[in-house]
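Structural characterization, general
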Amino acid sequence: MGLLENIIKKNKAKNLGLTLEQYDAFLCANAQGITIDEYKRYLSSFFTKYSIEQFSTLLQLEKRGFSLLECERYIVSLAN
């Protein structure tokens with residue numbers, strides 16, 4: 001990556017309120033359909049508990065009407 005691309009990337013990360021590492025992870029999450037607000041929710045509440053793939057599953061379940069507790073039980077059952 002060239003210097004100009006790196007500067008642009010850093011500015012985009014800063015504008016979203018993310019570190020460069022978080023921005024890179026967000027780009028991967030965004031490819032899975034996760035919005036910036038959902039990603040920030042992941043960072044604040046779920047980062048230490050779930051992978052981004054598990055969080056994506058949680059979001060899909062929530063969109064189908066499952067409660068957070070039901071989603072978490074489902075994700076735990078998948079891990080076992």
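That block above? That's the structure.
So, how was this worked out
- Residues numbered from 1 in each chain as written.
- Predicted model: local features only at pLDDT ≥ 70, side-chain atom pairs only at ≥ 80, totals over all residues.
- Heavy atoms only, no water.
- Helix = DSSP H or I, 4+ residues; strand = E, 2+ residues; numbered from the N terminus.
- Rg over C-alpha atoms; globule rule 2.2 N^0.38 Å.
- Contact = heavy atoms within 4.5 Å.
- Areas by Shrake-Rupley, 256 points an atom, 1.4 Å probe, with all protein chains shown as cover.
- Lys, Arg positive; Asp, Glu negative; His and termini not counted.
- Charge placed at Lys NZ, Arg CZ, Asp CG, Glu CD.
- Salt bridge = Lys/Arg side-chain N within 4 Å of Asp/Glu carboxyl O.
- Buried < 20%, exposed > 50% of the residue type's maximum accessible area, 1.4 Å probe, protein only.
- Expected span 1.5 Å × (residues − 1).
- Arc of directions from axis to C-beta.

1. Overview of the overall build of the protein
On a plain count of helices and strands, the protein comes out with five helices and zero strands. Listing every helix and strand of the protein by position from the N terminus yields α-α-α-α-α. A compact globule built from 80 residues would reach a C-alpha radius of gyration of about 12 Å, whereas the protein, at 15 Å, exceeds it by more than 25%. Put simply, of all contacts in the protein between residues at least 6 apart along the chain, 13% involve residues at least 24 apart. For the protein, the exposed area adds up to about 5500 Å²; of that, 56% sits on carbon and sulfur atoms. Each charge sign in the protein was given a centre, from 10 positive and 9 negative side chains, and these centres are 3 Å apart.

2. Looking at the pattern of salt bridges
A full pass over the atoms with the stated rule returns four salt bridges. In this structure, the salt-bridge partner of Asp24 is Lys9, at a minimum N-O distance of 2.5 Å. Taken together, the residues span a long stretch of sequence, with Asp24 in helix α2 (residues 20-31) and Lys9 in helix α1 (residues 3-16) at a distance of 15 residues. Looking at Asp24, the relative accessible area reads 31%, which means it is partly exposed. Taking relative accessible area as the criterion, Lys9 reaches 17% and is therefore assigned buried. Of the charged contacts, one joins Glu72 and Lys49 as a salt bridge, the two residues approaching to 2.9 Å between their closest N and O atoms. Taken together, the residues Glu72 in helix α5 (residues 68-79) and Lys49 in the loop between α3 (36-46) and α4 (52-63) connect sequence positions 23 residues apart.

3. Quick look at the side chain of Glu38
Tracing the backbone shows Glu38 in helix α3. Those residues in contact with Glu38 that lie beyond four places of it in its chain are Gly33, Phe55, Leu59 and Lys63.

4. Things to note about α5
Compared with the 16 Å implied by 1.5 Å per residue over 12 residues, the 17 Å span of α5 between its first and last C-alpha is a close match. When we look at burial in α5, the residues that qualify are Cys71, Glu72 and Ile75. The arc enclosing the buried residues of α5, seen along the axis, measures out at 95°, which places them on a common side.

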